[in-house]
Amino acid sequence: MTNKSLLFLLLLLPSLLFAQKKYTISGYVRDVRNGETLIGATVAVKDKTKGISSNQYGFYSLTLTEGTYELIGSYVGYQPALVSIKLDADKQFNFDLLPRTALTEVVVTSKKRDENVRTPQMGKFVLPIEQIKAIPAFLGEVDLLKTVQLLPGVRNAGEGSAGIYVRGGGPDQNLIMLDDAVVYNTGHLFGFFSIFNSDAIKNVSLIKGGMPAQYGGRLSSVLDIAMKEGNDKQMQVDGGIGVIASRLSIQGPIKKNKASFIISGRRTYIDALTKPFIKKTSQFHGSGYYFYDLNAKVNYRFSEKDRLYLSGYFGKDVFDFVNGQRSLDVNIPWGNATGTLRWNHVFNNRLFGNTTAVFNNYNFSFEAAQNNFNIKLSSGIRDFSLKQDFDLYPFTGHKVKFGGIYTYHRFTPNVISGRQDSVIFKPLNAQSKFAHEAAVYVQDDWELSDKVKINAGLRYSWFQQIGAYTIYKTDADGNRLDSTIFSKGQPVKTYGGLEPRFTVRFAINDETSIKTSVTRNLQYIHLVSNSGTTLPTDLWVPSTYRVKPQISWQYATGLFKNFKDNMYETSLEVYYKKMENQIEYEEGYTPNTLEDTENFFTFGKGWSYGSELFINKTRGRLTGWIGYTLSWTWRKFAGLNAGGKYPAKYDRRNDMSIVAIYELNKRWKLSGTFVFGTGNAATLPQRFYVINGILTQEYSRINEYRLPAYHRLDFAAINSPKKNEHRKIKTEWVFSIYNIYSRKNPYFIYFDQTGNPFDGTLKVQGKQVSLFPIIPSVTLNFKF
C-alpha cells in the first residue's frame, strides 16, 4: 500500500465510523397484570453483553447502532420477554412481563450474566416481597426488617428486635427510606415489629457495600423501600387476619391504564383481646396497648413522558397504663408521618428526571397524671426536603446519574412541662435545634469493556446548624456564667466534605467476577442511645458546634460466581471499615431532661472488619440461601474503659442464617429458617462487696463478657386451597411456628441476692431472662 493510499484511508476512517448511525430505544418494564413498574429489570441484546437496568421507576434507555436486534426484558420471578426490533429511528417500547411460579418450567432464551456477576455493585440484595411473605414470621406478622436480618453482614439488636446493625455500624447509620422519605423510627411494640406493612410494599433493596453517590447521610447501609403504585387494570382487595393484628388493602384504577390508587391499613387488637380479662373493678382497668399503620398512594400518568405520584405513611403506637388504686394515668404515644410528592418527566429518550418533595415528622410523648398533678415529656424531629435526580444515558456503556437534595431539619429534644392545680411550670429545658443539610452528586456506571465495568461517583455534602440558639458558658458545676446568642436563621456551625465512591468489576468469565470498592461517607445526624436496643425514647441529635459529623471509610473486595446457568449465586466478600467521631454517653450518665444531652456526650472512634459468605438458590421448587459472617467490631473512647479498646455492643463473631422455601405442590408451600449467632457482648458485675451493710457491685470492663449463643429454628406452611373459578375470593392459610425447639435465648442477665451478709448466708446468683418460647400462630389471608 502506497503512502497516498494509507493517508486516504486515515482521512476516510472518521467518516466511516460516524457513518454508523445510532438510535435509542427506551420505555418502561411493567407487570402485565397490574401495571406496576419493575425496578432493576434488565433489558439486553440477545447473546450480547450490552444491556441496561431499569431505574427506580421502571424506565430504561438503550442506545445501539442502526440494525435489527432481538431484545430480552427480564426480571427475577418473571418470564423473560423476547422481541425483535428494527432500530432505524429513536423508538419507544414497553416490556410487559408475566410472573411465573417455581413450578412453571421456563425456557431461557438467552444465557446472560446475572446481576450478581455483571454489575460492579457490591453488597446489594434485592428481596422480592413474595419471598419475604413466604418466610416464617413472628406471630404471623410478615416483617421485612427481620428478613433483612437474615442476610450476611446484617445482625439484629436482640430477641424479637426489628433494628438492624450492618458491618459494625449502629442503628442510626442505616439510611431507611420509604418512597424517598427517611424513616427515623422503624419499630412497633418497642422494636418487636417493624412499621412496614408488607401488603403495601413493592420492592426492598439493601446496599451495604459500595454505596452509590446518590445516597448519603449515613455510614453503613441503605434500605430503599418502594410502595406499590396500585393496580391500574382492575379493583383488588387483599387482607389478612392474624393472631395479634389484621390488615386490609384496597387498590384499583382511578382511570384504567392511566391512574391508580392503593390504601393499606394494619392494626393490632392486643387491647381488645385483653380487655375482657381486666375486670372493671381492677385497679388496672383502662390499661392497654395498640399500634396501627396506614399507607396510601395515588398516581396519575399524564402521558408516557409525565407521571405524578403522591404517597404517605402514618403510623402510631399508643400505650396506656392506669393504676386506679394510686390514681395514676400514663399515656405514651409515638409515631411517624411521612408524605412524598414526585413528578417523573422524560425529557427525551436519553434523559429521565424526577423531582421529589418530602415531609417527615417523628414524635414521642409521655404524659402522666396523678391526682391534680400532670407532667408531659416530648421529643421529635421534623424534616422538609426537596430533591432533583436525573438519569442520563449518553451512549452505549454509560449510565450517568446526577442531582441534588436539600433538607431543613428541626430537632426537638426532651422538653418537659407540668401543672399542679392551676400552677403551670415550664422549666429551663434544652433548646430546639435547627439545621440545613444539602448535597450534590454525580456518578457514572461505565462499561469499559466486556471484562471491566466501573461505577465512579462523587458527592459533596454540606450541613449547617442555625439559630435560634444560645451557647452557654458554664463553670465546673454546670452553672451558667455567660452566653452567645444566635438569632433565627443565623449560622452557628458549618460542616462539609467530599464523599468519593468507587467500585470496579473485573469479569473472569460469564459466571465469575472480582469486585472492589472504596467509599467515604459523612453523617450529620445521630441517634444516641442509653440502651442496647433502639427504643422510641432514644434521641436524634444534629451535628453542632460541639458534635462533629461521623466519618467513615470502607474498603471491600469480593469474589462473585454463579453456577448452573445462574441457578446458584455465590459471593465471598471481605471488608474493613473505620469510623471517626463516634458518640456515646459518658460513664455514669443518667437521663436528665432539663439539660442538653450534648453535655454528657463523649467522642471516640470505631472500626470493623470481617468476611461474608452468601450462597443463594434462585430457581426451582427449592429456593433460599445460606449466609455466614465472621466479623470483629471495636470501639475506643478516651473517656470510656480507661481509654482502652472494647468490643461494641453489637459485635458478633459468628453469625449464620439458613433460609429454605419449598414448593411442595400447587397447594402447599413450606419454609424454614435457622439462625445462629455468638452471644451479645455485655458489661456485668464481677465482684460484690458489703460496705456499711450495703451490697456494692464492681463492674467489669465494657463488654468484657459474652451472653450464651443465640440460635432458633422457625417453620411455616402456606396452604392455598384449590382454585375455584366460580369463587371470587381467594384464600390462603399460613401456619407458622416460632422457635420450634423452644430455645431459651438470653435477653438480659440480672443478679439475684438471697440471705444475709452479716451471718454469712448471702448468695448472689446470676439469672437469665428469656422472652419467647415456642409460639405457634395461624393467619388467614384473602384476596378478591
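Scope of this entry: the structure provided in the associated data block. (Residues numbered from 1 in each chain as written. Predicted model: local features only at pLDDT ≥ 70, side-chain atom pairs only at ≥ 80, totals over all residues. Heavy atoms only, no water.)

### Topic: the overall build of the chain
Next, step 1: Broken down by element type, the chain carries 5 helices and 52 strands.
Next, step 2: Expected size for 784 residues packed as a compact globule is a radius of gyration near 28 Å; at 28 Å, the chain falls within 12% of this value.
Next, step 3: Among the 784 residues that make up the chain, the fraction classed as buried is 51%.
Next, step 4: Contacts in the chain between residues at least 24 apart in sequence constitute 66% of all its contacts with a sequence separation of at least 6.
Next, step 5: Of the accessible surface of the chain, which amounts to about 35700 Å², a share of 59% is contributed by carbon and sulfur atoms.
Next, step 6: The averaged location of the 68 negative side-chain charges in the chain is 4 Å from the averaged location of its 95 positive side-chain charges. (Helix = DSSP H or I, 4+ residues; strand = E, 2+ residues; numbered from the N terminus. Rg over C-alpha atoms; globule rule 2.2 N^0.38 Å. Buried < 20%, exposed > 50% of the residue type's maximum accessible area, 1.4 Å probe, protein only. Contact = heavy atoms within 4.5 Å. Areas by Shrake-Rupley, 256 points an atom, 1.4 Å probe, with all protein chains shown as cover. Lys, Arg positive; Asp, Glu negative; His and termini not counted. Charge placed at Lys NZ, Arg CZ, Asp CG, Glu CD.)

### Remarks on the sheet that holds strand β3 (residues 51-53)
Next, step 1: Strand order in the open sheet formed by 4 strands is β3-β2-β5-β7, and the pairing between neighbours is antiparallel. Each edge of the open sheet carries a strand with a single partner, namely β3 and β7 (81-87). Shown here is a sheet whose adjacent strand axes are inclined to one another by a mean of 20 degrees, direction ignored.
Next, step 2: Here strand β2 (residues 42-45) runs beside strand β5 (residues 67-74); their pairing, made up of 4 bridges, is antiparallel. Looking at β5, one finds that alanine 44 is bridged to isoleucine 72. (Pairing = 2+ DSSP bridges. Axes fitted to C-alpha atoms, helices over the stretch in contact; angles between N-to-C directions.)

### Digging into the sheet that holds strand β10 (residues 124-128)
Next, step 1: One open sheet accounts for 5 strands, arranged β10-β17-β18-β13-β14; its pairing is mixed. For this open sheet the edge positions go to β10 and β14 (181-182), each flanked by a neighbour on one side alone.
Next, step 2: Summarising the sheet, β10 and strand β17 (residues 201-207) pair through 5 bridges and their orientation is antiparallel. The residue of β17 that forms the bridge with phenylalanine 125 is leucine 206.

### Focus on the pairing of strand β33 (residues 491-509)
Next, step 1: The pairing of strand β30 (residues 452-466) with β33 spans 15 bridges and is classified as antiparallel. What sits directly across from glutamine 465, in β33, is lysine 493.
Next, step 2: The pairing of β33 with strand β34 (residues 512-523) spans 8 bridges and is classified as antiparallel. The residue of β34 that forms the bridge with alanine 507 is serine 513.
Next, step 3: In textbook terms, the turn of a hairpin is the stretch between consecutive antiparallel strands, and for β33 and β34 this stretch comprises 2 residues.

### Considering a positive patch on the surface
Next, step 1: The grouping of Lys666, Lys723, Lys730 and Lys783 at the surface amounts to a positive patch.
Next, step 2: Its place among the elements puts lysine 730 in strand β49 (residues 730-738). (Patch = residues over 30% accessible without salt bridge, like charges linked within 9 Å, V, L, I, M, F, W, Y side chains within 5 Å. Salt bridge = Lys/Arg side-chain N within 4 Å of Asp/Glu carboxyl O.)

### Considerations on the environment of isoleucine 254
Next, step 1: On the secondary structure map, isoleucine 254 appears in strand β20 (residues 245-255).
Next, step 2: By relative accessible area, which is 55% here, isoleucine 254 ends up exposed.
Next, step 3: Residues isoleucine 254 and glutamine 214 lie 40 residues apart in sequence; the distance between their C-alpha atoms is 33 Å.

### Considering the packing of aromatic side chains
Next, step 1: Tallied over the full model, the rule gives 34 aromatic pairs.
Next, step 2: A ring pair is formed by tyrosine 576 and tyrosine 609, whose centres lie 6.4 Å apart and whose planes are at 20 degrees; its orientation type is stacked. Highlighted residues: tyrosine 576 in strand β38 (residues 568-585) and tyrosine 609 in strand β39 (residues 601-617), separated in sequence by 33 residues.
Next, step 3: In this structure an aromatic cluster arises from ring pairing among Phe138, Phe192, Phe193, Tyr289, Phe291, Tyr738 and Phe772.
Next, step 4: Across the ring face of tyrosine 165, the terminal group of arginine 155 is positioned such that the distance to the ring centre comes to 6.0 Å. (Phe/Tyr/Trp six-rings, centres within 6.5 Å; stacked < 30°, edge-to-face > 60°. Lys NZ or Arg CZ within 6 Å of the ring centre and 35° of its normal.)

### Observations regarding unusual backbone geometry
Next, step 1: The omega angle of the peptide bond from glycine 467 to alanine 468 is 15 degrees, so this bond is cis rather than trans.
Next, step 2: Note on placement: alanine 468 falls in the loop between β30 and β31 (469-474).
Next, step 3: Positive phi is not limited to glycine here, since asparagine 257 has a value of about 65 degrees.
Next, step 4: In this fold, asparagine 257 is placed in the loop between β20 and β21 (259-268).
Next, step 5: At serine 742, a residue that is not glycine, the phi angle is positive and equals roughly 50 degrees.

### Comments concerning the pattern of salt bridges
Next, step 1: Enumeration according to the criterion identifies 32 salt bridges in this entry.
Next, step 2: Ionic pairing is found between lysine 91 and aspartate 88, a salt bridge with its closest N-O pair at 3.7 Å.
Next, step 3: When its relative accessible area of 29% is taken as the criterion, lysine 91 is described as partly exposed.
Next, step 4: Linking aspartate 199 and arginine 247 is a salt bridge whose minimum nitrogen-to-oxygen distance equals 2.8 Å.

### Topic: the nonpolar core
Next, step 1: By size, the foremost hydrophobic cluster in this structure holds 71 residues, and its most contacted members are Leu144, Phe196 and Leu223.
Next, step 2: Look past the residues within four positions of leucine 144 in its chain and what remains in contact with it is Ile132, Ser194, Phe196, Ile201, Val204, Leu223 and Ile225. (Core = buried A, V, L, I, M, F, W, Y, C linked by side-chain atoms within 4.5 Å.)

### Quick word on the environment of glutamine 464
Next, step 1: Along the chain, glutamine 464 turns up in strand β30.
Next, step 2: Glutamine 464 sits in the buried class, given a relative accessible area of 13%.
Next, step 3: Separated by 219 residues in the primary sequence, glutamine 464 and alanine 245 place their C-alpha atoms 43 Å from one another.
Next, step 4: Contacts of glutamine 464, omitting those with residues within four sequence positions, involve Phe434, Ala435, His436, Pro491, Lys493 and Thr494.
Next, step 5: Looking at glutamine 464, its side chain comes within polar contact range of the side chain of threonine 494, at 3.0 Å. (Polar contact = N/O pair within 3.5 Å; in protein donor to acceptor, adjacent residues only side chain to side chain.)

### Notes on the side chain of threonine 629
Next, step 1: For threonine 629, the position within the fold is in strand β40 (residues 622-637).
Next, step 2: Classification of threonine 629 by relative accessible area gives buried; the value is 5%.
Next, step 3: In terms of polar contacts, threonine 629 uses its side chain to reach the backbone amide nitrogen of glycine 153, at 2.8 Å.
Next, step 4: If we ignore the near neighbours within four places in the chain, the residues touching threonine 629 are Pro152, Gly153, Ser611, Glu612, Arg653, Asn654 and Asp655.

### Here we look at the pairing of strand β52 (residues 775-783)
Next, step 1: Relative to β52, strand β19 (residues 236-241) runs antiparallel, the two sharing 4 bridges. Within β52, the residue paired with isoleucine 241 across the bridge is leucine 780.
Next, step 2: Pairing geometry for β49 and β52, over 9 bridges, is antiparallel. Paired with tyrosine 738 across the two strands is isoleucine 775, which belongs to β52.

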